[in-house]
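Chain by chain, the residues run as shown.
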Amino acid sequence: MPIPLKTVVIATRGSALALAQAHQVFDQCRAAFPGLKFEIKTIKTTGDRLQKASLAKPVESLPKGLFTRELEVSLLEYQSDLAVHSLKDLPTELPAGLKLGAVSKRADVRETLIYRDADFLAAEKEKTASPDWIPGQSARRGLRAGSSLRDFPRGATVATSSPRRKAQLLAQRPDLNVVEIRGNVVTRLLKLAEQPEIDAVVLAAAGLERLNFSVTPEGRLQGEAVPDGLLATILDTEIMLPCVGQGALGIEIRENDGRIDAICERLNHFNTCQCVTAERAFLKAMGGGCQSPIAAHAEIAGNRIWMRAVSFRDGAFRRVEAKRDLKEAVALGEHLAEELKEK
């Protein structure tokens, strides 16, 4: 049905990454509906106010919907029409009156291991005529381009705010010292570049891409505001499975709003939607959120969905996988959750 001309308000958080994601949806909306006016509204969320709090604390000690609640209030109060989220941040249970209206085509789901360049540090030291290291003095350590987790020295320190990443890092390398890190992407990169007590950080490849950061063929991380001397290695999903919904944007809307439903029909990417539906059904059945030490990734294989999942709850590593018909996304997620619970 025709959509009446009006301004459609897209709500988002004010971080650089959230704004980049909102502008991606904004551009899609403008292209699909040139006769409509769209605008972006930034809203500060609870998660933005808790930058000094630990997201690795027990789930019950933190409010749910850290990065979504205020955007949802804006929708319910008709102050906005669409709310753009990193889908991994959107709880599986939404407030009454709201629904997931569309899912964007998925970006790279993999993780990126970022570390200092040994050659850059050596050249910097020679250029500045720095004194040699002496006992008791902290020194920044670096590695060669193309390094993987197995190349890090024993006891190396890797920083991440995600229990899921921490569990998978330690499954690969139990000797690593995995510590928490907070702040936006650029803040984390600066900490890595400047603080010798951190040897590497792990960040989502999709987030880096949306901020126009990239990894060169030589393995160098480049982009505006990226500190000099950082290298990056993409971690395959066989090494680290992503968070549920990682790489996709979720567009949350009001229920029974035909105008916005019509917009979302044009924004939704069917294959991605089926994959994340399976993943979110799995997460809901496991009773977890984005800070749970579980991971899942679904892919389309012909007319079927192939999904892998891991859990590190209670300190035990469990892994399952299965395939189902494309129309059985929810059943696939629930089935894998039951399998993990029974192991």
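All values derive from a computational prediction rather than experimental measurement. Here, residues in each chain are numbered from 1, in the same order as that chain's written sequence. It should be noted that, the model being predicted, local features are given only for residues of pLDDT at least 70 and side-chain atom pairs only at 80 or more, the latter also being counted only at that level, while totals for whole chains, interfaces and linings use all residues. Excluding hydrogens and water, the side-chain figures rest on all heavy atoms present in the structure.

Undergrad: I'm lost on the nonpolar core in this one. Help?
TA: Phe-282, Met-307, Leu-332 and Leu-336 are the most contacted members of the largest nonpolar core, which totals 20 residues. Numbering of helices and strands starts at the N terminus; helices are DSSP runs of H or I of at least 4 residues and strands are runs of E of at least 2. Those elements that place two or more of their residues in this core are helix H9 (270-286), strand E13 (294-301), strand E14 (304-311), strand E15 (318-325) and helix H10 (329-342). Contact partners of Met-307, with chain neighbours within four places excluded, come to Ala-278, Glu-279, Phe-282, Ala-296, His-297, Ala-298, Val-320, Glu-321, Ala-322, Leu-332, Gly-333 and Leu-336. Residue types Ala, Val, Leu, Ile, Met, Phe, Trp, Tyr and Cys, when buried and joined through side-chain atoms within 4.5 Å, form a set referred to as a nonpolar core. Burial status follows relative accessibility: with a 1.4 Å probe on protein chains alone, a residue under 20% of its type maximum counts as buried, one over 50% as exposed, and anything between as partly exposed. Core analysis: the next-biggest nonpolar cluster, separate from the first, contains 19 residues, Phe-26, Cys-29, Val-84 and Ile-251 among them. Contact criterion: two residues are considered in contact whenever any of their non-hydrogen atoms come within 4.5 Å of each other.

Undergrad: For this particular structure, what's the right way to read the pattern of salt bridges?
TA: Pairing of side chains with opposite charge becomes possible as their charged atoms draw close. A pairing counts as a salt bridge when a side-chain nitrogen of Lys or Arg comes within 4 Å of a carboxyl oxygen of Asp or Glu. For the structure on display, the rule yields 19 salt bridges. One salt bridge in this structure joins Asp-199 and Arg-141, with 2.8 Å as the shortest N-O distance. You can see Asp-199 sitting in the loop between helix H6 (185-194) and strand E8 (200-204) and its partner Arg-141 sitting in the loop between helix H4 (118-128) and strand E6 (157-159), a full 58 residues away along the chain. Residue Asp-199 is classed as buried on the basis of its relative accessible area, which comes to 4%. For Asp-175, the salt bridge is made with Arg-173, and the minimal N-O distance between the two is 2.7 Å.

Undergrad: Hey, could you run me through the sheet that holds E15 in this one?
TA: Working definition: the strands of a sheet are paired by backbone hydrogen bonds and lie parallel or antiparallel to each other. The antiparallel open sheet is built from 3 strands, whose spatial order is E13-E14-E15. In this open sheet, the two strands that pair with only one neighbour each are E13 and E15. Strand after strand, the sheet turns through a mean of 15° between neighbouring axes, direction not considered. At least two bridges found by DSSP between two strands are what make those strands a pair. Across 8 bridges, the pairing between E14 and E15 is antiparallel. With axes taken as lines fitted to C-alpha atoms, and helix axes fitted only over the stretch in contact, angles between N-to-C directions fall between 0 and 180 degrees.

Undergrad: I keep staring at the sheet that holds strand E4 (residues 98-103) and nothing clicks. Help me out?
TA: One open sheet accounts for 5 strands, arranged E2-E1-E3-E12-E4; its pairing is mixed. Taken across any chain shown, the strands that pair with only one partner, and hence form the sheet edges, are strand E2 (37-42) and E4. Strand-to-strand twist of the sheet, defined as the mean angle between neighbouring strand axes without regard to direction, takes the value 30°. Running at roughly 165° to strand E12 (residues 249-254), helix H8 (residues 258-267) makes contact with strand E1 (7-12), E2, strand E3 (82-86), E4 and E12 of the sheet.

Undergrad: How should the side chain of Arg-164 be read in this particular structure?
TA: Position of Arg-164 among the secondary structure elements: in helix H5 (residues 163-172). Under the relative-accessibility criterion, Arg-164 is labelled buried at 3%. In protein, a polar contact requires one atom able to donate a hydrogen and another able to accept it; more generally it is a pair of N or O atoms within 3.5 Å, and residues adjacent in sequence count only if both atoms are side-chain atoms. Only 3.4 Å separates the side chain of Arg-164 from the side chain of Gln-246, close enough to count as a polar contact. Sequence-distant contacts of Arg-164, defined by excluding residues within four places in its chain, comprise Glu-111, Met-240, Leu-241, Pro-242, Cys-243, Gln-246, Ser-292, Pro-293, Ile-294 and Ala-295.

Undergrad: Help me understand the packing of H9 against H10 in this model?
TA: Each pair of packed helices gets described by two things: the angle between the helix axes and the distance between those axes. Where H9 meets H10, the axes come as close as 7 Å, and the angle between the chain directions of the two elements is 35°. Regarding H9 and H10, the two cross each other, and that crossing is right-handed. Of H10, the residues touching H9 (which contributes Gln-274, Thr-277, Ala-278, Ala-281, Phe-282, Ala-285 and Met-286) are Ala-329, Val-330, Leu-332, Gly-333, Glu-334, Leu-336, Ala-337, Leu-340 and Lys-341. Handedness of each helix crossing follows the sense of rotation of the near helix against the far helix: counterclockwise by less than a right angle gives left-handed, clockwise gives right-handed.

Undergrad: Looking at this structure, how should I read H8?
TA: Every α-helical turn comprises 3.6 residues, leaving residues that sit three or four positions apart pointing alike. Restricting attention to buried positions, one finds in H8 the residues Ile-260, Ala-262, Ile-263, Cys-264 and Leu-267. The inward-facing, buried residues of H8 abut E1, helix H1 (16-32), E2, E3, E4 and E12.

Undergrad: I'm lost on the packing of H1 against H8 in this one. Help?
TA: For the pair H1 and H8, interaxial distance at closest approach is 10 Å and the crossing angle is 105°. By the angle between their directions, the pair H1 and H8 is classed as roughly perpendicular. Judged by residue contacts, Val-25, Gln-28, Cys-29 and Ala-32 of H1 engage Ile-263, Arg-266 and Leu-267 from H8. Any angle that falls under 35 degrees is termed roughly parallel, while one over 145 is termed roughly antiparallel, one within 65 to 115 roughly perpendicular, and all others oblique.

Undergrad: Could you clarify how one ought to interpret the pairing of E12 in this entry?
TA: A regular strand places its side chains on the two faces of the sheet in alternate fashion. Most of E12 is tucked away: 6 of the 6 residues are buried. As judged from the 4 bridges shared by E3 and E12, these two strands associate in the antiparallel manner. Note that in E12 the partner of His-85 across the bridge is Gly-250. Judged from the 5 bridges that link them, E4 and E12 form a sheet pairing that is antiparallel. Residue pairing for E12: Leu-98 is matched across the bridge by Arg-254.

Undergrad: Can you help me understand H10 in this one?
TA: Between the first and last C-alpha of H10 there are 20 Å, a value that for 14 residues agrees with the 20 Å anticipated at 1.5 Å per step. Buried within H10 we find Ala-329, Leu-332, Gly-333, Leu-336, Ala-337 and Leu-340. Down the axis of H10, the buried side of the element spans an arc of 130°, and every buried residue falls inside it. Close packing links the buried residues of H10 with H9, E14 and E15. Under the convention used throughout, the expected extent of a helix is 1.5 Å for every residue step, that is, one less than its residue count. Note that the arc is defined by the directions from the helix axis to the C-beta atoms.

The analysis is restricted to geometry; functional conclusions fall outside its scope.
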